[in-house]
Amino acid sequence: MQTQLANGVQLTTVPSRQFKTNQIIVNFRAPLRREDVTKRALLSNLLETSSEAYPDQRALANALAKMYGAAFGAGVSRKGPTHNLRLALTVANERFLASDQPLTQQAIQFLQSIIFKPLGCDHQFDQATFDRQVLNLKAAIQSVADDKQYYAAQQLNVALFQGDPAQQIPSFGTAADLDDLNARDLWTYYQSVLADDQIDIIVVGDVDEQAVADQWRAVGFSDRLTPRPRPFYHHHNNQHFVEQTEYQTLSQAKLNLGYDLPVFYRGEHYYAALVFNELFGGSPLSKLFMNVREKASLAYYASSALDTFRGVLKVSAGIDSANYDQVVKIIGEQLTAIQRGDFSDDLVAQLKLGLINDFESSLDSQRTFAIQALIDDLTQQPVSDDEWLANVQAVTREQIMAVAKLVTLNNGFFLSGAQTCK
Amino acid sequence: MQIKKYDQFNETLYQAKLANGLTVSLLPKAGFHKTYATFTTNYGSIDNTFVPAGGDELHRYPDGIAHFLEHKMFEKADHDAFQTFGEYGASANAFTSFTKTSYLFSATRRLKDNLTTLLDFVQDPYFTPETVDKEKGIIGQEIEMYNDDPSWRLYFGMIGNLYPNHPLQYDIAGTTDSIAKITADDLYAAYRTFYHPENMTLFVVGKLDPDEVLAWITENQAAKTFADFQPIERKIPATVEDGHDIMPYRSIEMPVSRAKSIVGVKGLTPIKAGTEALKYRATVNVLLEMLFGDTSANYLRLYDQGVIDDTFGYDFELQSGFNFLTFSGESDDPAQFDAAIIDVLENWHASLDGQDALLELVKKEMIGRVVFMSNSLEGIANRYDQRLFGSVTLFDEPGIIQQLTLADVAAVADQLLQSQAISEYQIRPQHEELKKAES
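Below you will find a few notes about this structure. In this text the structure is predicted, and so the values were computed from the model without any measurement. (Residues numbered from 1 in each chain as written. Chains lettered and ligands numbered in written order. Predicted model: local features only at pLDDT ≥ 70, side-chain atom pairs only at ≥ 80, totals over all residues. Heavy atoms only, no water.)

On to the overall build of chain B. Along the backbone of chain B there are 18 helices and 14 strands. For chain B, the C-alpha radius of gyration of 23 Å lies close to 22 Å, the compact-globule estimate for 439 residues. Taking the principal axes of its C-alpha atoms as reference, chain B extends roughly 65 × 55 × 45 Å. Scored against the burial criterion, the 439 residues of chain B give a buried share of 60%. Contacts spanning at least 24 positions in sequence make up 80% of the contacts within chain B whose residues lie at least 6 apart. Summing over all exposed atoms, chain B offers an accessible surface of approximately 17200 Å²; the carbon and sulfur share of this is 49%. (Helix = DSSP H or I, 4+ residues; strand = E, 2+ residues; numbered from the N terminus. Rg over C-alpha atoms; globule rule 2.2 N^0.38 Å. Buried < 20%, exposed > 50% of the residue type's maximum accessible area, 1.4 Å probe, protein only. Contact = heavy atoms within 4.5 Å. Areas by Shrake-Rupley, 256 points an atom, 1.4 Å probe, with all protein chains shown as cover.)

Residue and element names in this part refer to chain B. Here 7 strands make up an open sheet; going across it, the order is β1-β2-β3-β9-β4-β8-β7 and the pairing mixed. A single partner strand is all that each edge strand has here, and the edge strands are β1 (2–6) and β7 (91–96). Looking at each pair of strands side by side, their axes are set apart by 15 degrees on average, direction ignored. Sheet topology places β1 next to strand β2 (residues 11–17); 5 bridges connect them, and they run antiparallel. From the neighbouring strand, Gln2 faces β2, where its bridge partner is Gln15. Across the sheet, helix α3 (residues 111–122) lies against β4 (35–41), β8 (101–107) and β9 (200–206), angled at about 160 degrees from β8, the strand it touches most. (Pairing = 2+ DSSP bridges. Axes fitted to C-alpha atoms, helices over the stretch in contact; angles between N-to-C directions.)

Quick look at the pattern of salt bridges now. Evaluation of the coordinates by the stated rule reveals 38 salt bridges over all chains. Between Arg34 of chain A and Asp177 of chain A there is a salt bridge, with its nearest N and O atoms 2.8 Å apart. Taken together, the residues Arg34 of chain A in the loop between β3 (21–31) and α1 (37–49) and Asp177 of chain A in helix α7 (residues 175–178) connect sequence positions 143 residues apart. By relative accessible area, Arg34 of chain A is classed as partly exposed at 26%. On the basis of relative accessible area, Asp177 of chain A is assigned to the buried category, the value being 17%. Taking the shortest distance from any N to any O, the salt bridge between Glu378 of chain B and Lys34 of chain B comes out at 2.8 Å. One end of the pair, Glu378 of chain B, is in helix α14 (residues 377–383); the other, Lys34 of chain B, is in the loop between β3 (23–28) and β4, with 344 residues separating them in the sequence. (Salt bridge = Lys/Arg side-chain N within 4 Å of Asp/Glu carboxyl O.)

Take a look at the structure:
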């Protein structure tokens, strides 16, 4: 059931008895702007750990524990040219607790108090809480680079989106930005989030849809006067392969390759691109897995991933530094092989079955329903389960080859463990 | 077939022991699209010294052999089991822990074909010197990948402190040197010793009809012959009960931006298997929540002092034959972090005494979490551990938690939190990295 609470504020309830919990997600969506990214990440930390009613972490944790250990989290993410600040709360369905505590109603009350009554006064966030969360976020951002796989992927991202800092930086911002933020400006910015962002509220579970709608209607959301953000980031890149190498002390080198692939979510070539990715490096049956890992024993992981909101394809592999040239060559050969149709129909049929298995399996996760409702609101292209299955089944080998020919290798980032010449 | 109903959860568990010794557990989940199956042997990384089936003497095998065997099970003379699962649209995987090796798949369609594939590939070993050698490259890369992971190094650094004379200290995958020594004959010896149905369990959960599935499994197993089961003799060093073997402190340098620290507590008393073990684990988890959980006074105090932050975490590992606690986090001052944790542990009385209201709150939270876990097929199946807990499942836990008293929690604290069982391990940023950050 969909309820328009105001212009740009939508409530979607998804009734389901499959799960023993009920989940509520509130998503704030804005156009991705470089200057807002870190602010939104810090906001998510502040909202996750404090509010007027729950001024410290213990008070907040107590409130969650009283709701039989409700799980609460806040986070940020980038999707194409949009940035999302998201609060999620999951509670047990009281039917399975031999309790008559109205947990879903309490959960919505809790979320509303977190969102509309943050911890602060005189138009600024509580200074001590603000300072603590700045420190914590800064430490977290700096530690992320210790994960070498992540670090290499992030460096590739910087190379791929040169000239567009909003796309280059991580969705949780930068440590340097944090030095320029203050508790008053952030409060002001949060007021604009509440007033201008597109808001999606998704409730999944065995709930009274009418009661849920009434509870949210009581908030009195204002109409959004800003236009809906565009769903896709178009960034056609013809650049020919530019390599970049960095040396660090590490045992396993990380190879990341970035390609232009102008195919967008549920647009032209979309379903063929899904099968293409499975064939290239998206599954254990893929060319990369079979040839880089299984046949040549050159890597523990070697896989590809699509970003159909930004039109890019990425390959990542963990390898021995000395094997760089051989691995890059084999990866290139796999793409060429797909372009000229060097794959069997049986394999395509298996890859489709794998995609279908993943799709049907995802229906066993409560989160899938919420995330899909968000994407449908962003792209305005809902597709039924049956249509999705039929579209995947209908993909032909010619269509897969055609997608492979759209792929252009733009950038490579190599995090090498050895100072030897590659 | 034994039937156990969990009325509060509206779930039913079906269990049977087949003629060949295999224990089968089936848990249908209404409304689910997927079926998840795990086929598990009670054989893990610590079982590196054992009497091979048919032999009569203890033999020391190379570290990492259980994990190596797991990798090699998928490859057959004329096909790869991954491929067969792929043909049926299933996604398959396997993992090796300290005490277990599990093979698993999840699938939304063709359940019978996938179950048959799972049973057949795990019960049909095929190793040659060539295929064994080839795998060394892949596993070598896996070991290197973990070597670069500071969290993994921190965890194994602590295990090395707590268990310096125990196979637990070795990386589950072994080392590049140890796996170089593994031969096809070693793999066959390990296989024949540990992969007898009597030493294995099959857990299937999700979309399934229990009568139909049990009939398929029974038919598949009846068509195969197995040698008579010979009780397994493995050599696992006993826990040194006064803890004198524990290394109290070690540290290393790695290219990390911030120091990481871990405090460990070794359980010096062995825990009896069965429902008692489940109760012990639940009690320790309640104790940890009361001492360090986000509803505790200690957590807020240490968080506001900046001693701990969102990277702080703790864990209780209870397995057949050993148990230990870990507390880890990032800190600019790891010595201060360790001292603060140890202070709470050694003065646990102060955090527990008179805290009846906190106990009730923590119990409520933990019972709710069982409801959360019951949504996850993987969670239900992976929490099942016959060797340790017997036939009990996730759904038995709320009843146990409900009855815990403050005296129960204090008794466990008294037994577990002993000063001589505490150890520290730190990863400090490399010197040149520090300089770079300062400049």
